[in-house]
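Fold and contact review
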Amino acid sequence: MNKLDTDKNKKSLPLFGEKQKIGIVLSGGGIRGISHLGILKAFKDKKIPIHHITGTSAGAIVGALYANKIDPYEALQIFQNTRLLKLLKVAIGKPGLLNLESSYNLFKEYIPHDSFEKLSIKLTITATNFYNGKLQYFSEGDQLIKKMLASSCVPGVFNPIYINNNLYVDGGVLNNFPVEPLLNNCDIIIGSSCNHLPEISAPRGLKHILERTATLSINHDLEEKCKCINLLIEPKNLGEIGIFDIARAEEIYWIAHEEALKKLSALPLTS
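Quick summary incoming for the structure in this document. What you see is a predicted model, and the numbers here were worked out from it, not measured in a lab.

**Quick look at the packing of aromatic side chains**
- A full pass over the atoms with the stated rule returns five aromatic pairs.
- For the ring pair Phe 138 and Tyr 168, a centre distance of 5.5 Å and an interplane angle of 70° mean the geometry is edge-to-face. Remark: Tyr 168 occurs in strand E8 (residues 166-170) and Phe 138 occurs in strand E6 (residues 134-138); sequence separation between them is 30 residues.
- Each ring, one from Tyr 253 and one from Trp 254, has its centre 4.9 Å from the other, and the planes form 85°; the classification is edge-to-face.

**A few points about the packing of helix H1 (residues 34-45) against helix H9 (residues 249-265)**
- For the pair H1 and H9, interaxial distance at closest approach is 7 Å and the crossing angle is 40°. The angle between H1 and H9 falls in the class oblique. In the crossing of H1 with H9, the sense of the turn from one axis to the other is right-handed. Contacts between H1 and H9 pair Ile 34, Ser 35, Leu 37, Gly 38, Ile 39, Lys 41, Ala 42, Phe 43 and Asp 45 from the former with Ala 249, Ile 252, Tyr 253, Ala 256, His 257, Ala 260, Leu 261 and Leu 264 from the latter.
- Among the residues making up the contact of H1 with H9, the classes are represented as twelve nonpolar, three polar and two charged.

**Re the packing of H1 against helix H2 (residues 58-67)**
- The interhelical angle for the contact between H1 and H2, taken along N-to-C directions, is 30°, at an axis separation of 10 Å. In terms of orientation, H1 lies roughly parallel with respect to H2. Relative to H2, the crossing made by H1 is right-handed. On the side of H1, the interface is formed by His 36, Leu 37, Leu 40 and Lys 44, while H2 contributes Gly 59, Val 62 and Tyr 66.
- For the contact of H1 with H2, the per-class residue count stands at four nonpolar, two polar and one charged.

**Observations regarding the pairing of E8**
- Most of E8 sits out of view: four of its five residues are buried.
- Direction of pairing for strand E5 (residues 122-129) relative to E8: antiparallel, over a ladder of three bridges. Note on E8: the bridge partner recorded for Asn 129 is Tyr 168.
- In this structure, strand E7 (residues 161-163) lies alongside E8, joined through three bridges in antiparallel fashion. Bridge pairing links Tyr 162 to Leu 167 in E8.
- Once E7 ends, the chain turns through two residues before running back antiparallel as E8, passing Asn 164 with a positive phi of about 50°.

**A look at the nonpolar core**
- Core analysis: the biggest nonpolar cluster contains 62 residues, and Ile 24, Ile 34, Phe 43, Ile 53, Leu 65, Leu 123 and Met 148 have the highest contact counts within it.
- Sort the elements by how many residues they give to this core and H2 lands first, with seven residues.
- Excluding its chain neighbours within four sequence positions, the residues that come into contact with Ile 53 are Ile 24, Leu 26, Gly 63, Tyr 66, Ala 67, Ile 121, Lys 122, Leu 123 and Thr 124.
- Within the second largest apolar cluster, ten residues are counted, among which are Val 25, Phe 177, Leu 182 and Cys 186.

**Considering the pairing of E6**
- Sheet topology note: the E5/E6 ladder contains five bridges and is antiparallel. Note on E6: the bridge partner recorded for Thr 128 is Leu 135.
- Counted along the chain from E5 to the antiparallel partner E6, the turn is four residues long, and its residue Gly 133 has a positive phi close to 70°.

**Examining a nonpolar patch on the surface**
- Together, Phe 130, Tyr 131 and Tyr 162 make up an exposed nonpolar region whose accessible area comes to about 380 Å².
- Among the secondary structure elements, Tyr 131 is positioned in the loop between E5 and E6.

**Focus on the pattern of salt bridges**
- According to the stated counting rule, one finds eleven salt bridges in the structure shown.
- For Glu 240, the salt bridge identified is with Arg 212, shortest N-O distance 3.9 Å. Here the residue Glu 240 occupies a position in the loop between strand E10 (231-233) and H9, and Arg 212 occupies one in helix H7 (residues 206-218), the gap between them amounting to 28 residues.
- A relative accessible area of 15% places Arg 212 in the buried class.
- A salt bridge links Lys 225 to Asp 221; its shortest N-O distance comes to 3.8 Å. Asp 221 carries the same exposure label as Lys 225, and that label is buried.

**A closer look at the environment of Tyr 253**
- Position of Tyr 253 relative to the elements: it lies in helix H9.
- With relative accessibility at 0%, the residue Tyr 253 sits in the buried group.
- The contact partners of Tyr 253, leaving out residues within four places of it in the chain, are Ile 34, Leu 37, Gly 38, Lys 41, Pro 72, Tyr 73 and Leu 76.

Cut-offs and rules
Residues numbered from 1 in each chain as written. Predicted model: local features only at pLDDT ≥ 70, side-chain atom pairs only at ≥ 80, totals over all residues. Heavy atoms only, no water. Phe/Tyr/Trp six-rings, centres within 6.5 Å; stacked < 30°, edge-to-face > 60°. Helix = DSSP H or I, 4+ residues; strand = E, 2+ residues; numbered from the N terminus. Axes fitted to C-alpha atoms, helices over the stretch in contact; angles between N-to-C directions. Parallel < 35°, antiparallel > 145°, perpendicular 65-115°, else oblique. Left-handed = near helix turned anticlockwise from the far one by under 90°. Contact = heavy atoms within 4.5 Å. Nonpolar A, V, L, I, M, F, W, Y, C, P; charged D, E, K, R; others polar. Buried < 20%, exposed > 50% of the residue type's maximum accessible area, 1.4 Å probe, protein only. Pairing = 2+ DSSP bridges. Core = buried A, V, L, I, M, F, W, Y, C linked by side-chain atoms within 4.5 Å. Patch = residues over 30% accessible without salt bridge, like charges linked within 9 Å, V, L, I, M, F, W, Y side chains within 5 Å. Areas by Shrake-Rupley, 256 points an atom, 1.4 Å probe, with all protein chains shown as cover. Salt bridge = Lys/Arg side-chain N within 4 Å of Asp/Glu carboxyl O.

This is the structure:
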């Protein structure tokens with residue numbers, strides 16, 4: 001895991017300045033995606049503008065809120081105060097336990113226009129087309145909230161979502177770190193990953209084995225993709241936190257915020 005921080009695994013880092021177009025990719029990871037909010041808060045604190053956000057699953061939700069000028073800490077409070085999982089209705093007779101679309105009205109309150117074009121920052125989110133097995137990028141048009149939720153439909157947990165007669169599930173199934181839309185479109189690319197796993201000496205039981213294996217699977221190509229970015233911000237050991245452990249949301253937020261401030265404070269800045 002630590003290889004991701006070595007110089008040979010990422011592009012050289014140019015000077016940060018007002019004229020640089022900065023893109024950031026936000027990984028999926030369930031409640032661990034709260035870390036993206038802490039990282040984006042650090043960018044806001046440092047007055048470093050983001051020009052293009054790509055995200056999948058939790059990264060898609062965080063990206064949409066931030067792209068619509070929702071303050072990162074306010075977004076954290078939205079997740080904490082609403083207890084999002086309690087809003088979700090059981091998907092009776094459906095191929096998932098919960099219906100994520102039942103949270104639509106919550107997000108409509110914060111993204112009332114429901115349109116990619118009316119966001120303040122360019123946003124690209126991913127979802128997996130269940131019918132043809134291909135990754136779909138969404139970056140324009142309406143139904144932003146529905147596409148964002150489709151990106152977050154963990155198979156078996158959330159009911160897949162229909163968009164234009166196609167059925168979609170979590171974008172992380174095929175690409176949990178969608179850096180591709182930023183390539184050749186940004187001067188600087190930042191990666192925000194919330195799934196770092198520590199080395200262990202032994203498993204702690206079946207649940208631990210299943211969760212760790214799932215996280216290893218979505219991390220499988222991260223090292224290769226980090227060769228395409230300039231800086232990776234990956235708070236240590238978040239991959240050990242359960243994807244629905246909302247009780248640790250505030251902890252995740254501040255761990256990530258501190259890690260991001262350390263990384264950003266070391267950046268070469270133009271005058």
